[in-house]
Amino acid sequence: GRSYQQMQNFPGAITAFEKAAELESSNNGTTLADLGEAVLMSDPQTILGKAGQLFESALALEPNNPKALFYSGLAAAQRGNNVLAADRWEALLATSPPPNVQQILTQRIAELRGEAPPEPPPTTTPVAVSDAGITISVSLGDAAASAKLPDAVVFIIARVPNQPGPPIAAVRKRLSELPATVSINDSDAMIEGRVPSGFAQLEIVARVSLSGQPVAQSGDWFGQQTIETAAIETTQIVIDQQVP
C-alpha cells in the first residue's frame, strides 16, 4: 500500500490498505490512518466523509497516531470546530514533530483559540540546502505589491501536482519578510515518511493568506510552479495571481 502511495497509484493503495485492514479486523490504527490518507489523496472531498471517519477510527485505536491527529485536526478546522482542531494539533505537538512543523502548528493553534500567535524566531541568513532540499526564491509581483496587502502569513508549500490534497511539506513566513529565499527539505514534511525527496515532481505554491488559514480563500494572492525535485537550480516563485 505504501509503495502504491509513493507511486501516486491511489486506487492501488486503497485496495492494499483495505486488504490489510481486513486481515487485521480493522484493529490497527496505523493501517486505518494509511487507508484514510490514500482515500483522501484519491478524493480530497472525503476529508469530511470516508477519509475523516477512518482517521477518527484510527484515533480510537491509537490516540497519539500523528497522521490521524494531523488530518482529523484539518477536518475539524474545515468543519469550523476550532476547539477540536486545536486539541488535535496540541496532541500532535506532544509527539515531537519536526521543528518547522511545530512552529506552524503552534501558530495555527493560537489562531484557532483566538490567542495572539507567538513571535516567530529571528530570520537568519539562508544556509546551503541539503541534497534532499529545494531552494525557493519568493517575491511579490507588481500587482500584488500595488495591492497594499497587510502583513499576512505566507505559506510556501510543496504538494503533489494535480492533487489538491494536503501538502507534502510546508514553510511559513510573513509578507514583511519578502523577498526571501527559503528551503524545503525532508525535515519539513507534514507527515513522517511522506517526504519531498520521495517524489520526482512537486508543485511549489507560495500563497499570501489574508485569512491566516492554510486552505486557500478568495482574495488570497499566490504564485506556483511545478519542478523536478532533482534539479539544483533555485526555483523562482513570483506571487502575481489572485484566488477568485
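Okay, so let's go over this structure. Everything quoted here is computed from the prediction, not taken from an experiment.

**Observations concerning unusual backbone geometry**
Part 1 of the argument: Looking along the chain, the bond that leaves Leu-178 and enters Pro-179 is cis, with omega of 0°.
Part 2 of the argument: With a phi angle near 55°, Ser-26 is a residue other than glycine that sits in the positive phi range.
Part 3 of the argument: Along the chain, Ser-26 turns up in the loop between helix 2 (10–23) and helix 3 (29–42).
Part 4 of the argument: Phi is positive for Lys-148, which is not a glycine, with a value near 50°.
Part 5 of the argument: Summarising the element assignment, Lys-148 is placed in the loop between helix 8 (142–146) and strand 2 (153–159).

**Concerning helix 2**
Part 1 of the argument: Across its 14 residues, helix 2 extends 20 Å between first and last C-alpha, which sits within 8% of the 20 Å expected from 1.5 Å per residue.
Part 2 of the argument: Listing the buried residues of helix 2 in full gives Phe-10, Gly-12, Ala-13, Ile-14, Phe-17 and Ala-21.
Part 3 of the argument: Taken together, the buried residues of helix 2 touch helix 1 (2–6) and helix 3.
Part 4 of the argument: N-cap assignment for helix 2: the residue whose side-chain oxygen lies 3.0 Å from the backbone N of Gly-12 is Asn-9.
Part 5 of the argument: Following helix 2 by one or two positions, Ser-25 has its phi on the positive side, about 55°.

**Things to note about the environment of Ala-158**
Part 1 of the argument: Relative to the elements of secondary structure, Ala-158 occurs in strand 2.
Part 2 of the argument: Along the chain, Ala-158 and Phe-70 lie 88 residues apart, while their C-alpha atoms are 17 Å from each other.
Part 3 of the argument: Those residues in contact with Ala-158 that lie beyond four places of it in its chain are Pro-167, Ile-168, Ala-169, Ile-184, Leu-202, Glu-203 and Ile-204.

**Describing helix 4 (residues 50–61)**
Part 1 of the argument: For helix 4, with 12 residues, the first-to-last C-alpha span of 17 Å sits near the 16 Å given by 1.5 Å per residue.
Part 2 of the argument: Among the residues of helix 4, those classed as buried are Ala-51, Gly-52, Leu-54, Phe-55, Ala-58 and Leu-59. Within helix 4, the buried residues cover an arc of 160° as seen down the axis, which keeps them to one side. With respect to the buried face of helix 4, the exposed residues turned more than 90 degrees away are Gln-53 and Ala-60.
Part 3 of the argument: Buried residues along helix 4 sit in contact with helix 3, helix 5 (66–79) and helix 6 (82–93).

**Observations concerning the packing of aromatic side chains**
Part 1 of the argument: A full pass over the atoms with the stated rule returns 3 aromatic pairs.
Part 2 of the argument: Seen from their ring centres, Phe-70 and Tyr-71 are 5.1 Å apart, and the 70° between their planes marks the pair as edge-to-face. Across this residue pair, the class does not change: Phe-70 and Tyr-71 are buried.

**A short note on the pairing of strand 4 (residues 180–184)**
Part 1 of the argument: Of the two faces of strand 4, the one lined by Ala-180, Val-182 and Ile-184 is fully buried and the one lined by Thr-181 and Ser-183 carries no buried residue.
Part 2 of the argument: When strand 1 (residues 134–140) meets strand 4, the two strands line up antiparallel, connected through 5 bridges. Counterpart to Thr-135 in the pairing with strand 4 is Ser-183.

**Overview of the environment of Ile-237**
Part 1 of the argument: By the secondary structure assignment, Ile-237 is in strand 7 (residues 235–239).
Part 2 of the argument: Sequence spacing of Ile-237 and Trp-221 is 16 residues, and the spatial spacing of their C-alpha atoms is 12 Å.
Part 3 of the argument: The contact partners of Ile-237, leaving out residues within four places of it in the chain, are Ile-136, Ser-137, Val-138, Ser-139, Ile-204, Ala-206, Gly-223, Gln-224 and Gln-225.

Definitions and cut-offs
- Residues numbered from 1 in each chain as written.
- Predicted model: local features only at pLDDT ≥ 70, side-chain atom pairs only at ≥ 80, totals over all residues.
- Heavy atoms only, no water.
- Helix = DSSP H or I, 4+ residues; strand = E, 2+ residues; numbered from the N terminus.
- Expected span 1.5 Å × (residues − 1).
- Buried < 20%, exposed > 50% of the residue type's maximum accessible area, 1.4 Å probe, protein only.
- Contact = heavy atoms within 4.5 Å.
- Polar contact = N/O pair within 3.5 Å; in protein donor to acceptor, adjacent residues only side chain to side chain.
- Arc of directions from axis to C-beta.
- Phe/Tyr/Trp six-rings, centres within 6.5 Å; stacked < 30°, edge-to-face > 60°.
- Pairing = 2+ DSSP bridges.

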